[in-house]
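# Descriptive structure summary
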Amino acid sequence: MPSPRRAVFLDHQSLDLGDLDLSPLKQQFDSLELYPATPPDQVAERLQGATAVVSNKVMLDAASLAANPQLKLILVAATGTNNVDLAAARAQGITVCNCQGYGTPSVAQHTLALLLALATRLCDYRQAVADGQWAKASQFCLLDYPIVELEGKTLGLLGHGELGGAVAQLAEAFGMRVLLGQIPGRPPREGRLPLDELLAQVDALTLHCPLNEQTRHMIGARELALLKPGALVVNTARGGLIDEQALADALRAGHLGGAATDVLSVEPPVNGNPLLATDIPRLIVTPHSAWGAVEARQRIVGQLADNAQGFFAGQPRRVVS
C-alpha cells in the first residue's frame, strides 16, 4: 500500500544545484523521491502511488493526472502554472499550489545590473580590455564607448507589482525619475500613462508584467520607434512581450542605446532566436537566470514546504486551483 504522504519531485535539478537545503520540504512527507529531470513519456509512471507531486516545468497534462487518481496535491516550484492542466486538476479534485514573490530581490537586482551594464557599456569595455585595446591606448584610459549616468534619467515601468515596485525603489536610489505605464488589456488606472505617451518620455524602459494575448508583442517596431534615440530597454519578464525581430532591427539601425533581456520567446532557444545573431550591437542576453540567486531558490523550497504543510493541515496556501 502506498505511503499516505509519498511525493515525487519530477525535475529537482531545475531548482537545486546541490546548494540548497531540501530538508524543510522532505519533512512534510513520509518519502520524497527526487528525479533530476523527467521526460514526458515517464511522467505518468513516476506519479504512480504518489499523493503529491512537485514540478517546476514538467508538464502535468490531463492524461498523466487521469492515470493517477490517488494524486491529491500539485506543488509548482514556480509562480507560473502553465505546465499544469488546471481544469483537469480541478475536475479530479487535485489542489494546485504555486510559489509567489520568492525572487523579487534577485530579479530586481538583475534588472538594475543589466541597466547599469548598458549605461556603462560594461560588456564593450570588458571585451576591449580582453582584445588588448587598453594596452594599445595612447593615454591612461579608454573611452571609446559613450557612457551615460542613470541619475536624472527617466525610467518607464510596465508592471508595478511587487517586482516592479522593487525595481522602482532601486532606480530611485540611483537618482532616476520613475513613470508607470498602462498595460494593454487592463482598465485605466490613475497614475498610469498610456503606453505611447510613456514611451515618448523615457530614457529607459523595463518590463515586469505577465505575458498574455493582450501583452504579446506589446513592444514592437512601432513602439520601439516611439522611444527616444539612445533609449535603453530591459526585459526580465517574458520574452514574448517584445517582438524580438523588431528589437534586433532597432538595435542594428542604431535607434536604441542598448537592450538587455533575460528571457526569450522560446526557452531554451534550441531552434535559434533573432536576438542570438552575432551582429547585433549593444545587446546583452542572459539565460533566464535573473531569478536564480541561492536565496531566492531557497525561498522556493520554504514555500513548497509551507504549501504542503498547509494542505495536510486542511489549510492550503497559495492555491491557484
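Residues numbered from 1 in each chain as written. Predicted model: local features only at pLDDT ≥ 70, side-chain atom pairs only at ≥ 80, totals over all residues. Heavy atoms only, no water.

## Details of the pattern of salt bridges
Heads up, the rule is: The working definition used for a salt bridge is a side-chain nitrogen of Lys or Arg within 4 Å of a carboxyl oxygen of Asp or Glu. Going along the chain from the N terminus, every DSSP run of H or I of four or more residues is numbered as a helix, and every run of E of two or more is numbered as a strand. For every residue, the accessible area (1.4 Å probe, protein chains only) is compared with the maximum for its type, and the residue is labelled buried under 20%, exposed over 50%, or partly exposed between those bounds.
Per the counting criterion, the structure on display carries ten salt bridges. The salt bridge partner of Arg252 is Asp249, with a shortest N-O separation of 3.7 Å. In this pair, Arg252 and Asp249 are both assigned in helix 10 (residues 244–252), three residues apart and thus about one turn of the helix distant. For Arg252, a relative accessible area of 36% corresponds to the partly exposed category. Among the residues examined, Asp249 registers a relative accessible area of 40% and is labelled partly exposed. The partner of Arg252 in a salt bridge is Asp279, with the nearest N and O atoms 2.8 Å apart. With a gap of 27 residues between them, Arg252 in helix 10 and Asp279 in the loop between strand 11 (258–261) and strand 12 (283–285) connect regions that are remote in the sequence. By relative accessible area, Asp279 is classed as partly exposed at 48%. Salt bridges sharing common partners tie together Asp196, Arg222 and Glu223.

## Focus: empty space enclosed by the protein
Heads up, the condition is: Buriedness for pockets is judged along seven lines, at least five of which must meet protein on both sides within 12 Å for an open set on the 1 Å grid over protein atoms alone, while cavities are sets there where a 1.4 Å probe fits but cannot get out, and lining residues have an atom within 4 Å of a point. Grid points are joined across faces, edges and corners, and a volume is the space filled by probe spheres set on the points.
Per the counting criterion, the structure on display carries one cavity of 30 Å³ or more. Considered as a void within the structure, the largest cavity measures approximately 40 Å³ in volume. Looking at the largest cavity, the residues that line it are Asn235, Gly239, Ile242, Glu244, Leu247, Thr261, Val263 and Leu275.

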